[in-house]
Amino acid sequence: MKTEIYRQLDREHHLHPFTDYKALAEEGSRIVTRAEGVYIHDSEGHRILDGMAGLWCVNLGYGREELVEAASEQMRQLPYYNSFFKSTHPPAVKLAETLCRLAPAHMNHVFFTGSGSEANDTVLRMVRRFWALEGKPDKQWIISRENAYHGSTVAGMSLGGMAPMHAQGGPTVPKIAHVRQPYWFGEGRDSEPEAFGRECAAALEARIHELGEENVAAFIAEPVQGAGGAVIPPASYWPAVRDVLARYDILLVVDEVICGFGRLGEWFGSQHYGLEPDLMPVAKGLSSGYLPIGGVLVGDRVADTLIERGGEFFHGFTYSGHPACAAVALKNLELMQAEAIVERVRDDIGPYLAKRWATLGEHPLVGEARSLGMVGALELVADKAAARRFPKSLGVGNLCRDICFDLGLVMRSVGDTMMISPPLVITRDEVDELVRLAGEALDETARRLAGRESVEPISEETRS
Ligand SMILES: *Cc1c(COP(=O)(O)O)cnc(C)c1O
């Protein structure tokens, strides 16, 4: 009864993010009421293994009393104060110091925001401001990648490379260019993976020449592209990009919103790939999603210029470094260190997930099963031998996602790519359960598709 009331009120008053409102009104929302460990519970009594850690963020899992305590203690002490007028407070200071200690050695400053999108808005303004202060005001172009996700504010979506987002509410922010993504399964199968990785890096260099080095401010990329489909680049890609960037005076912005805080088995994805970013936007796992907080870690080169030559930086948010959010983030990082979560991902549960996840690659519906650390993806295909995709109109990814939910697993779909990003604290038994449920969902998806494909026109579809 309660469920129906919530559903109705939700339909009548609540505009969800990234949602087709009419379709949701017809189907009704799932009402998630509580959670513990790696499981969420809905109002109808279902217990569901959260293979997405919320939205790539609940890294320490649900129900961590220490984080609840940190928030309530801080809210009693000082629920809010800003850091605008030459003021600060202990949680923001301690969090800044801790973050810079965990970050690569040349990163010693942080600018706090309320989210990953705000972090990337900050990146855009900071990068262009840096070059203006360096006496190179023409260096304004930022090169990003197709299908990248950098948030949903105007700067965030402009930096991102999602065509459907660009098509709504534009025009996008000027002087942002996009180059091809290192998505071998989707776009590179005419070449060997390593050759394809180098082709993508060459495309970046070609674009730098096209725009003119003197006009290019920065290159921004996620270490592993998350929302775009858990795109793990070929091993050749990042070293080749590093070589390209070394030839030009262009800042490197590594968006660590998903890869940061242990997801790839290092504190930051940059460390996994041996990158030396000038700026690192962070959010999500910073607080394990318990409260909203993000930031931009700033390397010495940019920070020195901002500090020494900058004067006032006219930028900031009411909730920059919010005390309760900062206190929770700080406790989150302390727990990660005390429980050696990053090492666990690198040495134990990451390799275990990789081994178990790879078994799904044998399924007739799966063209590729890939994973790195605690990120995994499956490419659903109509013809395994030819790695031919289903027609888009079938919506196979969404079908599989819905079946997963019904079976008790959250697995997200982007086109026909299925993705997981479970809490970093997931146990081996829970990984086994995740893989078993994913396998059952693939079986059920195949059953429901049987006979349907032949009536649809076959085409070589890649995602838009
Ligand atoms: C989620 C995400 C963002 C945006 O973060 P929000 O907190 O949703 O604004 C930016 N970059 C990446 C890589 C993300 O995954």
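Per chain, residue numbering runs from 1 following the sequence as it is written. Thresholds applied to this predicted model are a pLDDT of at least 70 for local features of residues and 80 or more for the giving and counting of side-chain atom pairs; totals over whole chains, interfaces and linings are not thresholded and use all residues. Values shown for side chains rest on all heavy atoms present in the structure; no hydrogens or waters enter the calculation.

- Where an unreviewed UniProt entry is consulted, the chain appears under the name Aspartate aminotransferase family protein, with the organism given as Billgrantia pellis.
- The record held by UniProt for the chain lists under Cofactor (unreviewed entry) the comment "pyridoxal 5'-phosphate".
- UniProt positions are given in the numbering used here, feature names are shortened, and annotations may be inferred rather than shown by experiment. Quoted straight from UniProt, the Sequence similarities (unreviewed entry) entry for the chain says "Belongs to the class-III pyridoxal-phosphate-dependent aminotransferase family."

Thoughts on the overall build of the chain
- The way it works is that DSSP assigns letters per residue, a run of H or I at least four long becomes a helix, a run of E at least two long becomes a strand, and they are numbered from the N terminus. In terms of helices and strands, the chain carries 17 helices and 15 strands.
- In this description the radius of gyration comes from C-alpha coordinates, and the expected globular size is given by 2.2 Å times residues to the power 0.38. The globule rule puts the C-alpha radius of gyration for 464 residues at 23 Å, and the 22 Å found for the chain is close to it.
- For the chain, the C-alpha atoms occupy an extent of roughly 65 × 55 × 45 Å along the three principal directions.
- Type-normalised accessible area, obtained with a 1.4 Å probe on protein chains alone, sets the label of each residue: buried when under 20%, exposed when over 50%, and partly exposed for intermediate values. Put simply, the chain has 464 residues, and 54% of those count as buried.
- For the chain, contacts bridging at least 24 residues in sequence account for 72% of all contacts bridging at least 6. Whether two residues are in contact is decided by their heavy atoms, any of which lying within 4.5 Å being enough.

Some points on the domain arrangement of the chain
- Per the domain assignment, the segments making up the chain are domain 1 (31-63 + 341-463) and domain 2 (66-338).
- Listed per partner, the contact involves 39 residues of domain 1 and 33 residues of domain 2.
- Note on terms: buried area is the combined drop in 1.4 Å-probe accessible area of two parts once they are placed together, counting the loss on both. Summing the contributions of domain 1 and of domain 2, the shared interface buries around 2700 Å²; its carbon and sulfur component is 61%.
- Taken as a group, Trp-56, Val-342 and Leu-372 account for 24% of the area that domain 1 buries against domain 2, more than any other trio of residues on that side.
- What counts as a salt bridge is simple: a side-chain nitrogen of Lys or Arg found within 4 Å of a carboxyl oxygen of Asp or Glu. Run the count over domain 1 and domain 2 and you get zero salt bridges.
- Here a polar contact means two N or O atoms within 3.5 Å. Within protein one must be a hydrogen donor candidate and the other an acceptor candidate, and residues neighboring in sequence count only if both atoms are side-chain atoms. Here domain 1 and domain 2 share 15 residue pairs in polar contact (both at pLDDT 80 or more) between them.
- Within the residue set of the side of domain 1 that touches domain 2, elements represented by two or more residues are α3 (53-56), α15 (341-359), β11 (366-372), β12 (375-380), β14 (412-414) and β15 (417-420).
- Among the elements that line the side of domain 1 that touches domain 2, the one with the most residues is β11, at five residues.
- Amino acid classes used here: Ala, Val, Leu, Ile, Met, Phe, Trp, Tyr, Cys and Pro are nonpolar; Asp, Glu, Lys and Arg are charged; the rest, including Gly, are polar. Looking at side-chain class alone, the side of domain 1 that touches domain 2 contains 22 nonpolar, ten polar and seven charged residues. Where each domain starts and ends follows an automatic or database-derived domain assignment.

Describing the site of the ligand
- When at least one non-hydrogen atom of a residue lies within 4 Å of a molecule or strand, that residue is treated as near it. Taken together, Ser-115, Gly-116, Ser-117, Asn-120, Tyr-149, His-150, Gly-151, Glu-222, Asp-255, Val-257, Ile-258 and Lys-284 make up all the residues around the ligand.
- Measuring from an oxygen atom of the ligand, one finds a side-chain N or O atom of Ser-117 at 2.5 Å.
- Note that an oxygen atom of the ligand is positioned 2.6 Å from one of the side-chain N or O atoms of Lys-284.
- Grouping the amino acids of the shell around the ligand by side-chain chemistry returns three nonpolar, six polar and three charged.

A closer look at the nonpolar core
- Counting residues in each nonpolar core, the largest one holds 65 residues, and the members touching the most others are Leu-95, Leu-99, Phe-261, Phe-268, Leu-286, Leu-297 and Met-411.
- A domain-level breakdown of this core finds at least three residues from each of domain 1 (31-63 + 341-463) and domain 2 (66-338).
- Setting aside residues up to four positions removed in sequence, Phe-261 forms contacts with Asn-59, Leu-99, Glu-266, Trp-267, Phe-268, Val-282, Ala-283, Gly-285, Leu-286, Leu-333, Met-336 and Leu-424.
- Residues grouped as a nonpolar core are buried Ala, Val, Leu, Ile, Met, Phe, Trp, Tyr and Cys residues, joined through side-chain atoms within 4.5 Å. Grouped together as the second largest cluster of nonpolar side chains are 43 residues, Cys-57, Phe-196, Leu-204 and Met-419 included.

Concerning the sheet that holds β14
- Spatially, β11-β12-β15-β14 is the arrangement adopted by the four strands of the open sheet, whose pairing is antiparallel. The strands lining the two open edges of the sheet, one partner per strand, are β11 and β14. Taking the axes of each pair of neighbouring strands and ignoring which way they run, one obtains an average angle of 20° across the sheet.
- By this definition, two strands are paired if DSSP reports at least two bridges between them. Direction of pairing for β12 relative to β15: antiparallel, over a ladder of four bridges. Bridge pairing in β15 links Glu-379 to Thr-417. Lines fitted to the C-alpha atoms define the axes, with helices restricted to the stretch that makes contact. Angles between their N-to-C directions range from 0 to 180 degrees.

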